[in-house]
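Inside the fold
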Amino acid sequence: MPVSKMVGAKVKRREDPRLISGLAHYVDDIILPNTLHVAILRSPYAHARIKSIETDAALKQPGVVAVITGAEIRDKIGLIPVASDNPSLRVPKHYVLAVDKVCYVGEGVVAAVAEDRYAARDALDLIRVDYEPLPAVSDPEKALAAGSPVIHSEWPDNVAFRWSLKQGNLAGAFKEAHKVVRQRLVHQRLAPIAIEPRGVLARYLPGEKELTLWSSTQIPHLLKTQLSLMLKLPENHVRVIAPEVGGGFGSKLNVYAEEGLIGYLALKLNRPVKWIEGRRENIQTTIHGRGQVGEAEVAVKKDGTILGLQYKVIADIGAYHQLLTPGIPPLTGLMLSGSYKIPAIAMEITGVFTNKMATDAYRGAGRPEATYVVERMMDRVAQELGMMPVEIRKKNFPKPKEFPFKTATGLAYDSGNYQAALDKALKLAGYEKLRREQKKLRSQGRYLGIGLSTYVEICAMGPSAAMPAGGWEYGAVRVEPTGKVTVLTGVSPHGQGQETSFAQIVADQLGVDLDDITVIHGDTSVVPSGIGTFGSRATAVGGTAIYQAAEKVKEKAREIAAHLFEADPEDLNFSEGRFSVKGVPKKGLTIQQIALEAHMARKLPKKMEPGLSATSVFEPSNFTFPFGTHICVVEVEPQTGRVEIKKYVAVDDCGRVINPLLVDGQIQGGIAQGLGQALFEEVVYDENGQLLTSSLMDYALPRAVDLPHLDLARTETPTPVNPLGVKGVGEAGTIGSTPAIVNAVVDALVPFGVTHIDMPLKPEKIWRLCQTKEPAQARGGR
Amino acid sequence: MIPAPFDYVRPTTLDEAIRLLAANGDEAKLLAGGHSLLPLVKLRLANPKILIDLSRISGLSGIRQEGDQIIIGALTTHYEIESSELLKQACPLLPETARMIGDVQVRNRGTIGGSLAHADPAADLPAAILALGAELRLTGSDDERWIKGEDFFLDLMTTVLKPTEIITEIRVPVLSGRFGTAYLKMPQKASGFAIVGVAVWIKVEDKACTAIGVGVTGLGAKPFRAKEVEKKLWGKRIDHTFIDADASHVDHGIDPLDDIHASAPFRAHLARVYTHRAIQEAVKRAGVSMPSR
Ligand SMILES: Cc1cc2nc3c(=O)[nH]c(=O)nc-3n(C[C@H](O)[C@H](O)[C@H](O)COP(=O)(O)OP(=O)(O)OC[C@H]3O[C@@H](n4cnc5c(N)ncnc54)[C@H](O)[C@@H]3O)c2cc1C
């Protein structure tokens, strides 16, 4: 790329003024005349047979227009789709509303449609559903045991799928090992909790035969395709719009029952229909993340060289698959080499049905699990060998000249310098000094812990061959007759700030003002095609498409200018948005002037099409692999189990940085969510499948006061995978932070003989561990 | 989060409110800040037919001194308590406690009367009310009574309040002489309510503790006054033995709550730790100089 002004600059988010002044339009802000409202009666049982449903009383209620049961529409709306495939995959029929049986608390059973939201909700109280409760199972390990309640009668073992990976000489590695370190690791279920819950509005125009569906989604184009299949409508009569979307974190990378249902109701009732999710529904029926229980084993030589890693894991699927449910745990498998040279790796996944909501992609999606396994195990191994956590990591890093680095899991890491990021973080944290302080405080009965995580992750998803539904991205750049620039992207930003960063890319390419550029996304009728925003792909893949489209526009403009000047295109300079003839700087045209010529089309080169616009579809050749080091310092109070974060340093390398403010924002938000998982977030179901954390009074989200000051820094190792050199940063904070925090707490509790604690590290767990043993070499504090 | 239909009335006098309450019986609910009641109504866990909004009744809120008492109107918000100069001087335990309730929005709406009437076992203010030996004025259709805080709470979300009574005022003593107070809590991470909270008020004369109040919230089904702990310390000289005194009997006779946030044994343990620490802190704030150990 040429030397630039905007790329790399701290440009404030252009989206923010409308967001913070309440001028943005989320689904619920879109008001169409004559709209009907839907409320959904949901199962109070984790597992039950539906014996009968009585809807007459509800139907008679003033304002109620329709009351719909699953049985009535089972043949009218297709099943909820699963995109991830796997030869052993078992896909239970997942209806939009339950038919005959419910399999988790919150599963939709009856929809009431009414003139307003109140009437719709009131109608639910008048519906009588006669359930016959069935035994339920919520613990995936118990679901595998003989005699467990069976969730789908076709598959009495409750197994949803199996997946395995085995590379290298594992048996040899374990034979040769000086030590084998084993650890059971739990990745608890989390709720993504976007601030804006889901919401759907649909309108059918019978004249045009067009269905428009507004949904709070991350994937409008994929949703359009799936919706046309579910509703058996021609795809070119379906339009999906993702208006302002208030966060997703993967939870809106899906096709949900309500999207099919509301689309269907708009068609059937011939009126606009709206459904807005409540927070309770959001925790019950929007996908959950994580939910793995595994056994890790590491074979290591005496000097700390890792020889092999084996991970057997049970993945808690929930009652049904959602769009990518079975595709998430294998991502853990792919990333099991972490940032280390591990010659032999094996993973076995057993996906298990449970009477719970489905798990699926949540920020990091499989990679936080992998990073947690690897980074926790590095500390466990170091502890067993009496090595320091820094030493063992350095020992096993691939060197910069070893890139592209091939892992035993079959990936080729694009570029990296892991030690540089680690060294920088150690220096920033004042690591040596911290260790001295830790020692001093321990002798006073105070417990400081220092934890690190040297993560690598997989981004920019991805080459289409490795993706369930295309990994390319669409971009278009159009210079309007007046010189303003319109940018179209197939990604669907919902908080990431690409209206700003994509404009920065185009501003540099075309030499136009940022204020003259508009980035449009999220409407399938305006943006012809796209894949969407997830997997930290938007800038690396979508941004590259924009970059390439802008490049094409520039080249076309050059040809037009050359034609007008009767010069050779090679003899033109381009700078600050203006083409000029080499050596005759006065003879020049701005890109805006050229755009007007292109539209007037009177003096264009022969055979050139009028207009100044270009599209590009970028297909990446590989994933990208951002990396970094997070260091967390905590103080733990054994008497109450409270953890205080004293210091947090993150050095992240996401390749080339387009906007440092956006990158920092992504890292900060990511760390907040990683900290939530490490310390207190957890979706809890009781053993009968009742959800015990169905509101934010019980599900603990991190808040501003929970966050320490974050010392953020970077190294910049561009990727060769795309011309921008950007890797992606949307999930790195979440991936890197969780193990750093857990490692810090475990480190603090070493004097108590602690080697591991399962997340979330709630005070009671820590207190209990501190009860079992008097601290070594320390005076017991009160 | 859509409530069932209800009527809404906004009386301007206390008499009118009491009359409405009496006329509607169980169907009616008083509405103060709404920060406990409205979530229940929106989840349809409470389905009152009529809400009687107290906010327009003059004289129900505000903080004033009358002799050696401070009178706090039941509709006084947590924020008003937290920021009252009068209370900061004369009864700092209340502002300290109020400051630890929820967040700014909650404190701007929630009221002391609502918090006490609601009797959430994990609410903060009851601990301070009990430690201070405060009294509540309950006004009903034909009579009015003052009741001690410790006699007010009966059980989980249950008080002596009759269906036709309104809490109108709370009175706390003006603390004078040498004294120290403290409120310490371990918040439940999601809700911010207390897993355990302990409020202590201690009066010091001639280096001895001449009065003490210890109020505990979060531990049991209702907030309570830790009489056994108080008894042990009442009248004692304040020295190292005093501040090291064992607080293990704070949970004596209490059946601790047990939920996903904290088990019963952990709550009992925390109650001991926090009682101990709150006493230490109150002693420190009383400015008692301790010989070094
Ligand atoms: C997000 C959130 C966080 C919170 N965190 C905390 C916390 O950390 N600690 C804490 O202690 N509390 C917390 N609360 C509760 C808050 O303090 C409430 O405001 C308080 O408990 C109730 O006061 P209110 O004025 O809102 O009462 P309302 O909700 O209006 O009423 C509560 C009940 O009391 C009755 N009532 C109200 N006033 C009177 C009266 N004068 N006489 C008789 N009956 C009356 C009502 O009929 C109702 O039954 C939190 C609330 C929320 C929403």
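Residues numbered from 1 in each chain as written. Chains lettered and ligands numbered in written order. Predicted model: local features only at pLDDT ≥ 70, side-chain atom pairs only at ≥ 80, totals over all residues. Heavy atoms only, no water.

Thoughts on the sheet that holds strand β20 (residues 485–489) of chain A
All names here are of chain A.
- If you walk across this open sheet you meet the 4 strands as β21-β20-β19-β25, and the pairing is mixed. Pairing within the sheet leaves two strands with one partner each, and these edge strands are β21 (517–520) and β25 (612–618). With strand direction ignored, the average angle separating the axes of adjacent strands in the sheet is 15°.
- Bridge count between strand β19 (residues 473–479) and β25: 7 bridges; the pairing is antiparallel. Residue pairing across strands places R478 opposite S613, the latter belonging to β25.
- In the packing of helix α15 (residues 498–510) onto the sheet, contacts are made with β19, β20 and β21, and the angle to β21 comes to roughly 135°.
- Across the face of the sheet, helix α17 (residues 591–600) comes into contact with β19 and β25 while running at roughly 100° to β25. (Pairing = 2+ DSSP bridges. Helix = DSSP H or I, 4+ residues; strand = E, 2+ residues; numbered from the N terminus. Axes fitted to C-alpha atoms, helices over the stretch in contact; angles between N-to-C directions. Contact = heavy atoms within 4.5 Å.)

Quick look at the sheet that holds strand β3 (residues 50–53) of chain B
Residues and elements named next belong to chain B.
- Pairing is parallel in the open sheet, where 3 strands are placed in the order β1-β3-β2. Among the strands making up the open sheet, the edge pair consists of β1 (7–9) and β2 (28–31). Across the sheet, the axes of successive neighbouring strands diverge by a mean angle of 25°, strand direction being ignored.
- Looking at chain direction, β2 and β3 are connected through 4 bridges and run parallel. Each residue of the ladder has a partner; that of K29, found in β3, is L51.
- The strands that helix α1 (residues 14–24) touches are β1, β2 and β3; relative to β3, the one it contacts most, it runs at about 165°.

So, the pairing of strand β10 (residues 210–215) of chain A
All names here are of chain A.
- Burial analysis of β10 places 5 of its 6 residues in the buried class, which makes it a mostly covered element.
- In the sheet, strand β9 (residues 199–205) pairs with β10 via 6 bridges, with the strands oriented antiparallel. Each bridged residue has a counterpart across the sheet, and for V200 the counterpart in β10 is S215.
- What sits between the antiparallel neighbours β9 and β10 is a turn of 4 residues, in which K209 has the positive phi angle 55°.
- As defined by bridge partners, β10 adjoins strand β11 (residues 238–241) across 4 bridges and the pair is classed as parallel. Within β11, the residue paired with L213 across the bridge is V240.
- Each parallel crossover has a hand, and for β10 linked through helix α7 (residues 220–230) to β11 it is right-handed. (Buried < 20%, exposed > 50% of the residue type's maximum accessible area, 1.4 Å probe, protein only. Right-handed = clockwise from strand over helix to strand, strands pointing away.)

Some points on the confidence of the model for chain A
- Taken over all residues, the pLDDT of chain A has a mean of 96, while the share at 70 or more is 98%.
- This stretch, residues 778–782 of chain A, has a pLDDT under 50; its non-local contacts, to residues over four places away or in other chains, come to 7 contacts. (pLDDT = per-residue confidence, 0-100.)

Re the interface of chain B and chain A
- On the side of chain A, 27 residues touch chain B, which itself brings 26 residues to the contact.
- The interface formed by chain B and chain A includes 4 salt bridges.
- Residue D125 of chain A is joined to R44 of chain B by a salt bridge in which the shortest nitrogen-to-oxygen separation is 2.7 Å.
- Remark: the boundary between chain B and chain A carries 14 residue pairs in polar contact (both at pLDDT 80 or more). (Salt bridge = Lys/Arg side-chain N within 4 Å of Asp/Glu carboxyl O. Polar contact = N/O pair within 3.5 Å; in protein donor to acceptor, adjacent residues only side chain to side chain.)

As for the site of the ligand
All names here are of chain B.
- The ligand sits among 30 residues. The nearest are L30, G34, L37, T111 and D124.
- Taking H35, its main chain carries an N or O atom lying 2.7 Å from an oxygen atom of the ligand.
- Between I167 and the ligand, the recorded distance is 2.9 Å, taken from a backbone N or O atom to a nitrogen atom.
- In isolation the ligand exposes 970 Å². Once the protein is present, 92% of that is buried.
- Mapped onto the shell around the ligand, the elements with two or more residues apiece are β2, α7 (112–118) and β10 (166–173).
- Per-element accounting of the shell around the ligand gives the leading share, 4 residues, to α7. (Near = heavy atom within 4 Å. Areas by Shrake-Rupley, 256 points an atom, 1.4 Å probe, with all protein chains shown as cover.)

Here we look at helix α16 (residues 538–565) of chain A
All names here are of chain A.
- Taking 1.5 Å of rise per residue, 28 residues should cover 40 Å, and α16 covers 39 Å from first to last C-alpha, within 8% of that figure.
- Of all 28 residues that make up α16, 21 are buried, and the element is covered over most of its length.
- In the segment just after α16, E566 is the residue with positive phi, at about 55°. (Expected span 1.5 Å × (residues − 1).)

Looking at the side chain of N355 of chain A
All names here are of chain A.
- Here N355 lies in the loop between β15 (344–353) and α11 (367–385).
- We classify N355 as buried; its relative accessible area is 0%.
- Polar contacts involving the side chain of N355 include one to the main-chain carbonyl oxygen of A46, which spans 3.2 Å.
- Non-local contacts of N355, meaning those with residues more than four positions away in its chain, are made with A46, H47, C103, Y104, P135, A136, V137, I151 and G689.

A closer look at the environment of L422 of chain A
All names here are of chain A.
- Structurally, the position occupied by L422 is in helix α13 (residues 418–429).
- The class of L422 is buried, set by a relative accessible area of 0%.
- Through-space distance from the C-alpha of L422 to that of G628 is 7.0 Å; in sequence the pair is 206 residues apart.
- Leaving out residues up to four positions away in the same chain, L422 has contacts with V390, K394, F397, L452, T454 and T629.

Looking at empty space enclosed by the protein
Residues and elements named next belong to chain A.
- Tallied over the entire structure, the rule returns 8 cavities of 30 Å³ or more.
- Quantified by volume, the largest cavity comes out at close to 150 Å³.
- V96, Y104, G108, A257 and E258 are, among the 19 residues lining the largest cavity, the residues nearest its centre.
- Of all elements in the fold, only β1 (36–42) and α8 (257–269) reach the threshold of two or more residues within the lining of the largest cavity.
- A per-element tally of the lining of the largest cavity places α8 first, with 3 residues.
- For the lining of the largest cavity, a count of residues per class yields 11 nonpolar, 4 polar and 4 charged.
- The calculated volume of the second largest cavity comes to roughly 80 Å³.
- Together, 13 residues line the second largest cavity, and R290, Q292, I328, P329 and T359 are the ones closest to its centre.
- If you list the elements that add at least two residues to the lining of the second largest cavity, you get β13 (289–300), β14 (306–318) and α10 (328–334).
- Along the lines of polarity and charge, the residues of the lining of the second largest cavity split into 4 nonpolar, 5 polar and 4 charged. (1 Å grid on protein atoms, 1.4 Å probe; cavity = no way out; pocket = protein on both sides within 12 Å on 5 of 7 lines; lining within 4 Å. Points joined across faces, edges and corners; volume = space filled by probe spheres on them. Nonpolar A, V, L, I, M, F, W, Y, C, P; charged D, E, K, R; others polar.)

Digging into the pairing of strand β23 (residues 578–581) of chain A
Residue and element names in this part refer to chain A.
- Bridge count between strand β22 (residues 572–575) and β23: 4 bridges; the pairing is antiparallel. Bridging across to β23, N573 finds its partner in S580.
- The loop that links β22 with its antiparallel partner β23 comprises 2 residues; one of these, E576, has a positive phi angle of about 50°.
- The turn linking β23 back onto strand β24 (residues 584–590) is made up of 2 residues, and G583 within it adopts a positive phi angle of 85°.

A few points about the pattern of salt bridges
- In this structure the tally under the stated criterion is 62 salt bridges over all chains.
- A salt bridge links D303 of chain A to K395 of chain A, with the shortest nitrogen-to-oxygen separation between them at 3.6 Å. Taken together, the residues D303 of chain A in the loop between β13 and β14 and K395 of chain A in helix α12 (residues 389–396) connect sequence positions 92 residues apart.
- Measuring nitrogen to oxygen at the nearest pair gives 2.8 Å for the salt bridge that ties R145 of chain B to E165 of chain B. Placement of R145 of chain B in strand β7 (residues 144–148) and of E165 of chain B in the loop between β9 (158–159) and β10 is noted, with a sequence separation of 20 residues between them.

Here we look at the domain arrangement of chain B
All names here are of chain B.
- Domain parsing of chain B yields domain 1 (7–53), domain 2 (63–173) and domain 3 (179–285).
- Here the C-alpha centre of domain 3 lies 19 Å away from the C-alpha centre of domain 2.
- Taken residue by residue, the interface counts 23 residues in domain 2 and 26 residues in domain 3.
- Summing both partners gives a buried area of about 2,000 Å² for domain 2 against domain 3, and 61% of it is carried by carbon and sulfur.
- For the pair domain 2 and domain 3, the number of links is 4 salt bridges.
- Among the salt bridges present, the one from E150 reaches R225, with a minimum N-O distance of 3.2 Å.
- Applying the counting criterion to the domain 2 and domain 3 interface returns 13 residue pairs in polar contact (both at pLDDT 80 or more).
- Of the residues forming the side of domain 2 that touches domain 3, the biggest block, 5 residues, is contributed by helix α8 (residues 125–131).
- The residue inventory of the side of domain 2 that touches domain 3, partitioned by class, reads 15 nonpolar, 3 polar and 5 charged. (Domains from an automatic or database assignment. Buried area = accessible area lost by both parts, 1.4 Å probe.)

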